[in-house]
Every structure is written in C-alpha cells, then in structure tokens.
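What follows is the residue order along each chain.
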Amino acid sequence: MKPQLLIVDDEKYIATSLRYAFEDDYDVLCTTCPKEAYQLLSENRIDLVLLDWRLGEYNGLDVLAEMKKQSPHTSVIMMTAYGTIESSVEAMRRGAYHYVTKPVNLDELHLMMKKALEHHQLQTKLEQLHQELEELKGFDRMIGQSQAIQQVFSVIQSVKDIDSNIFIYGESGTGKELVAHAIHHQGRRRLGPFIVVNCAAIPENLLESELFGYEKGAFTGALKSKPGKWIEANGGTLFLDEIGEMPSHLQAKILRVLQEGEITPLGGSKTIKLDVRIISATNRNLLEMVQQGTFRQDLYFRLNVIPIELPPLRERQEDIDLLITFFIKKYCSKMNRPLKSLSGQAKDMLMNYDYPGNIRQLSNILEYAVALSKGQVIQPSDLPLLIDQRQPDHQQSKSVIQEDEASHNSTQSDRVEIPLGSSMKDVEKKMIEMTLKFCKGNRTQTSHILGMTDKSLRTKIKLYEID
C-alpha cells in the first residue's frame with residue numbers, strides 16, 4: 001500500500017504538477033482549500049502533507065498548527081516563495097518537519113519527503129509500542145480473582161524470565177494470546193520483539209515462507225528478499241498460535257530449528273543463528289493428535305516443556321462480574337458513550353450463561369449491548385438473542401420451546417442450529433427469523449417469546465431487512 005500524500009496549495013496548477021510528480025510513489029490527494037484539507041485529514045490516513053505558506057486569506061502557519069493538533073504524527077513540509085530564516089524557524093517551531101522554497105527542486109523535495117515519511121512511520125510505531133506497553137503493563141488486561149486464574153498469574157511470574165518453551169492450552173476465547181503477551185512483556189525479553197504467527201490463519205502454501213523468509217528469486221514472485229518471522233523475533237518471543245494446525249512437513253522443519261537454534265531462509269545457503277523464546281498455544285488435544293499420528297511426538301515434547309492450562313470462563317464464575325465491568329467501561333470509552341450499567345435481570349442472564357466462546361464471547365456480547373442499547377441501563381432486550389435465559393423466576397427467561405409448547409402445542413425442535421464462527425448479528429437475525437416463522441408472523445408473540453419489546457423487535461427486523 002502506498003503512503004498517502006496530501007498537497008495543499010491555492011494555486012491549482014502547482015498542486016496538479018506536484019501530483020503528477022509524486023503519484024507513482026504516493027497515493028495523492030489535492031486541495032486548494034484549508035477547510036477541505038482538515039476534512040481529508042480526518043477521513044484518511046494521511047502520512048505526509050505538502051503545505052503552501054500562503055493560501056489566499058489563510059495563513060499557512062495557522063493551517064499547520066490546526067493540522068498538527070488534528071494529526072500530531074503526520075509530517076508536514078511547508079512550501080513558500082517568500083522564505084526567510086525567521087519564517088523557517090517559526091514553521092519548525094509550530095511542528096513542520098521541514099521547509100522548502102519555490103520554485104521547488106523536485107529531486108531535493110523527493111529526498112526530503114522520503115525522510116519525513118520515515119520520521120512519521122517511526123513516530124507512529126513508537127506511539128503504537130507505547131500504547132501496547134501501557135495496555136500490557138502488569139496483568140492489566142487479564143482480569144480475575146478466582147483461584148483458577150490466580151494460579152495462571154503465579155505460573156506467569158515463575159516463567160517470565162526463563163527461556164524454556166511454553167505451551168498454553170485452552171478453549172477458544174480463553175485469552176491464550178494475552179497470557180503469551182504477559183509472559184513476554186513481564187520478562188527480561190520485554191525490550192525485544194513479540195511476533196505472533198497464527199498457524200490456522202495463514203494458507204499452508206504461504207506459512208513456510210512467512211516463518212522462514214526467503215531470498216530474492218527463491219520462487220516465482222520473490223522479487224526481493226524478505227526476512228521471516230523467526231528472524232523478526234530474534235532477541236524476543238515468537239508466539240505460534242494454533243500450532244495444532246501446522247502442516248506435517250513444516251512440523252519437521254520447526255523441530256529442526258528448535259534443535260539447531262538456526263534457520264536458513266528459502267532459496268538461501270547461509271544459516272542464521274537465533275535467540276528466540278518459543279510460546280505455543282492450541283485449543284486442540286495435541287496428545288490425542290500425537291496418538292493419531294497427525295502431530296509429531298518429538299515436536300510435542302520439545303514445545304510442551306512448561307504447560308499452562310487456561311480454564312474456561314464457566315469455571316471462573318466469580319470472575320464474570322469483574323469482566324462485565326471491565327468490558328462495559330472499555331466499550332463505552334471506545335464508542336465515546338456515557339458509562340452504562342446493567343439492569344438486574346440483564347446481569348442475572350449474563351452471570352448464568354455458559355459462554356461456549358469464553359471471554360471473547362462475553363466481550364462481543366457487551367460490545368453489542370453498548371453499541372445498540374438506547375438508554376443508560378442495558379436491558380435484556382439489548383443483549384444478543386443467543387443468551388440462554390434460564391432464570392425460572394422471570395417470565396421472559398423461559399426457553400422458546402417451553403413458551404411455545406404452552407400456547408401452540410408445538411412439536412418443533414427447541415434448538416436452532418448456529419454454525420460455529422457466525423457473527424453475533426447473524427445469530428440474532430436467524431433467531432428472529434426462526435421465531436417469526438414459528439409464530440406464523442405474529443410479532444407480538446415473537447417479541448414475547450424473545451423477551452423484547454415490540455418496538456425493539458420492529459427496529460431489529462428493519463435493521464436486518466427481515467421479510
């Protein structure tokens with residue numbers, strides 16, 4: 001993807017000339033109006049700005065100040081036909097990366113822009129790293145007071161400074177990557193890189209080149225050399241997520257790297273020494289896979305030196321309340337909403353749900369509720385419909401089949417099949433469609449069965465374009 005360049009000059013022919021000069025290397029946006037420049041800056045990921053000093057009635061320095069306020073890390077190069085030492089100093093003081101005079105020398109400007117872009121990318125990376133370190137400091141993102149999770153915290157403290165291979169077990173959504181992050185950022189390797197490879201997300205034919213890297217000409221399309229994830233992780237930690245999905249031919253190569261402590265990029269002849277701590281994770285039963293011959297036993301024992309097993313959320317009942325509070329605060333802040341709370345019935349529903357998708361599912365549920373709830377108190381009707389409403393004391397908590405057997409003497413199944421991986425919206429849409437069908441289109445009965453108001457049902461039918 002090309003970096004984005006914004007050119008702001010009130011002389012249209014100059015802006016057009018600059019566009020033609022740089023459009024091969026940049027995705028270029030042009031405007032003659034400062035107000036439009038502000039809008040473009042807010043709507044796009046602008047990496048670099050070429051800004052004229054005089055923009056009709058506007059002073060370029062004032063425009064510069066507003067731009068830096070709006071996007072502090074975007075590099076701005078000022079252009080003017082009236083350059084003085086004083087004006088140059090003032091432009092730099094207000095946040096300009098540099099200052100050029102007209103007529104512009106395109107070769108010099110191109111070189112300056114390249115350096116300004118590198119400066120912007122460095123500032124952006126530093127900001128991202130700062131945010132990551134702030135988020136990952138201590139165990140801030142790992143919430144819980146249950147004995148099960150406290151045991152995990154204790155193991156993390158014990159292993160954070162050693163280089164033994166660590167294997168994290170747990171169902172999907174239990175927070176395996178968070179544990180890997182915590183081990184890395186709490187330990188002595190925290191100043192080194194933390195590289196994540198999701199073995200299930202990368203196509204099998206690309207996974208080897210992603211891990212090992214390649215030399216120019218190693219295969220068709222290898223137009224230049226590329227370091228692999230092993231090399232990127234040198235001096236730090238490589239997290240191999242979903243290691244159970246690793247193809248068998250790559251398992252042998254991974255084992256060799258662990259044994260030798262070095263790799264050879266594809267198409268290369270030179271070996272590279274590695275200093276990498278390996279953390280692996282899976283939601284599959286690897287021991288069973290070993291017995292079935294689909295995962296190498298020798299690799300299993302190499303990786304599984306220190307196992308950490310994450311409990312599912314249903315076994316951490318006392319942590320659910322803390323997690324609910326955390327996620328509501330998180331999403332209210334993220335969406336710039338006033339802090340919301342749960343009604344008693346909504347909280348009871350959340351506290352008594354089994355969470356087959358674990359913490360990730362609870363997070364998704366509360367993101368949904370914060371986004372769609374209209375009032376300050378989240379009601380049961382604001383929660384996704386897959387929540388199992390099992391509280392016997394509430395009429396709305398009866399299951400669909402119980403409610404409908406009483407009024408319809410139905411023989412239909414009390415289950416709606418939801419494919420694994422469905423989004424929350426897809427699940428809710430399907431539940432509404434199936435319940436409407438069961439009630440023969442009667443919206444009053446449908447809303448009663450689903451535990452929502454008629455108004456909420458009408459809104460969701462319109463939102464999902466249900467016939």
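Structural data are supplied above this passage.
Residues numbered from 1 in each chain as written. Predicted model: local features only at pLDDT ≥ 70, side-chain atom pairs only at ≥ 80, totals over all residues. Heavy atoms only, no water.

Enquirer: So what's going on with the overall build of the protein chain? Residues and values would help.
Expert: A tally of regular secondary structure across the protein chain gives 19 helices and 18 strands. Expressed as a percentage of the 467 residues in the protein chain, the buried residues total 44%. When contacts within the protein chain are restricted to residue pairs at least 6 apart in sequence, long-range pairs at least 24 apart make up 69% of them. For the protein chain, the exposed area adds up to about 25200 Å²; of that, 48% sits on carbon and sulfur atoms. (Helix = DSSP H or I, 4+ residues; strand = E, 2+ residues; numbered from the N terminus. Buried < 20%, exposed > 50% of the residue type's maximum accessible area, 1.4 Å probe, protein only. Contact = heavy atoms within 4.5 Å. Areas by Shrake-Rupley, 256 points an atom, 1.4 Å probe, with all protein chains shown as cover.)

Enquirer: I'd like a description of the side chain of Glu 242, backed by residues and values.
Expert: Following the sequence through the fold, Glu 242 ends up in the loop between β12 (237-241) and α10 (248-260). Buried Glu 242, no salt bridge; nearest opposite-charge side chain is Lys 176, N-O distance 4.8 Å. (Lys, Arg positive; Asp, Glu negative; His and termini not counted. Salt bridge = Lys/Arg side-chain N within 4 Å of Asp/Glu carboxyl O.)

Enquirer: Tell me what's going on with the packing of helix α2 (residues 34-43) against helix α3 (residues 60-70), and back it up with residues and numbers.
Expert: Two numbers describe how α2 lies on α3: the axes approach to 11 Å, and their chain directions differ by 15°. As summarised for this structure, α2 and α3 are arranged roughly parallel, according to the angle between their axes. As for how α2 packs across α3, the hand of that crossing is right-handed. In this structure, α2 uses Pro 34, Ala 37, Tyr 38, Leu 41 and Ser 42 to contact α3, whose residues at the interface are Asp 62, Val 63, Glu 66, Met 67 and Gln 70. Grouping the amino acids of the contact of α2 with α3 by side-chain chemistry returns 6 nonpolar, 2 polar and 2 charged. (Axes fitted to C-alpha atoms, helices over the stretch in contact; angles between N-to-C directions. Parallel < 35°, antiparallel > 145°, perpendicular 65-115°, else oblique. Left-handed = near helix turned anticlockwise from the far one by under 90°. Nonpolar A, V, L, I, M, F, W, Y, C, P; charged D, E, K, R; others polar.)

Enquirer: For the sheet that holds strand β3 (residues 48-52), give the residues involved together with the corresponding values.
Expert: The strand order β2-β1-β3-β6-β7 describes an open sheet built from 5 strands, whose pairing is parallel. With one partner strand each, in any of the chains shown, β2 (27-31) and β7 (98-101) form the two edges of the open sheet. Each adjacent strand pair in this sheet contributes to an overall mean axis angle of 20°, direction not counted. Docked against the sheet, α3 engages β1 (4-8), β3 and β6 (75-80), running at close to 160° with respect to β3. (Pairing = 2+ DSSP bridges.)

Enquirer: Lay out helix α6 (residues 147-159) with the relevant residues and their values.
Expert: With 13 residues, α6 extends 19 Å from end C-alpha to end C-alpha; this agrees with the ideal 18 Å at 1.5 Å per step. Looking at α6, one finds that the buried residues are Ile 149, Val 152, Phe 153, Ile 156 and Val 159. Looking straight down α6, one finds that the buried residues subtend no more than 140° of arc, so they occupy a single side. Exposed residues lying more than 90 degrees from the buried face of α6 are Gln 147, Gln 151 and Ser 158. (Expected span 1.5 Å × (residues − 1). Arc of directions from axis to C-beta.)

Enquirer: Give a description of the environment of His 73 that names residues and reports values.
Expert: Within the secondary structure layout, His 73 lies in the loop between α3 and β6. Take His 73: its relative accessible area is 28%, and that puts it in the partly exposed class. Taking the C-alpha atoms as reference points, His 73 and His 120, separated by 47 residues in sequence, lie 5.9 Å from one another. Beyond its immediate stretch of four places on either side in the chain, His 73 contacts Lys 68, His 120, Gln 123, Thr 124 and Glu 127.

Enquirer: A description of unusual backbone geometry should follow, citing residues and the corresponding values.
Expert: Residue Lys 102 is joined to Pro 103 through a cis peptide bond whose omega torsion reads -5°. Phi at Glu 242 takes a positive value of approximately 55°, unusual for a residue other than glycine. Judged by its relative accessible area of 13%, Glu 242 falls in the buried class. One non-glycine residue, Asn 336, lies in positive phi territory at about 55°. The residue Asn 336 is located in the loop between α13 (320-334) and β17 (341-342) in this model.

Enquirer: Now, about the environment of Glu 262: what can you tell me, with residues and values included?
Expert: Mapped onto the secondary structure, Glu 262 falls in strand β13 (residues 262-263). Judged by relative accessible area, which is 23%, Glu 262 ranks as partly exposed. Considering only alpha carbons, one finds Glu 262 and Ile 231, 31 residues apart in sequence, at a separation of 9.5 Å. With near-sequence residues (within four places) excluded, Glu 262 lies in contact with Val 257, Thr 271, Ile 272, Lys 273 and Leu 274. One polar contact links Glu 262 to Lys 273, side chain to side chain, over a distance of 3.3 Å. (Polar contact = N/O pair within 3.5 Å; in protein donor to acceptor, adjacent residues only side chain to side chain.)

Enquirer: Tell me what's going on with the sheet that holds strand β8 (residues 166-169), and back it up with residues and numbers.
Expert: Within a sheet, adjacent strands bond to each other through the backbone by hydrogen bonds, running parallel or antiparallel. The strand order across the open sheet formed by 5 strands is β9-β12-β15-β8-β16, and the pairing between neighbours is parallel. Strands with a single pairing partner mark the edges of an open sheet, and in this sheet they are β9 (194-198) and β16 (306-309). The mean inter-strand angle of the sheet, taken between neighbouring strand axes irrespective of direction, is 20°. Pairing of β8 with strand β15 (residues 277-282) involves 4 bridges; the strand directions are parallel.

Enquirer: Account for the pattern of salt bridges, naming residues and giving values.
Expert: One pass over the structure, following the stated rule, counts 20 salt bridges. Glu 90 is the partner of Arg 94 in a salt bridge, and the nearest nitrogen-oxygen pair spans 2.9 Å. A salt bridge links Asp 161 to Lys 160, with the nearest nitrogen and oxygen atoms 3.0 Å apart. The partly exposed category is assigned to Asp 161, whose relative accessible area is 37%. Overall, Lys 160 belongs to the buried group, its relative accessible area being 15%. The structure contains a network of salt bridges with shared partners spanning Asp 62, Glu 90, Arg 93 and Arg 94.

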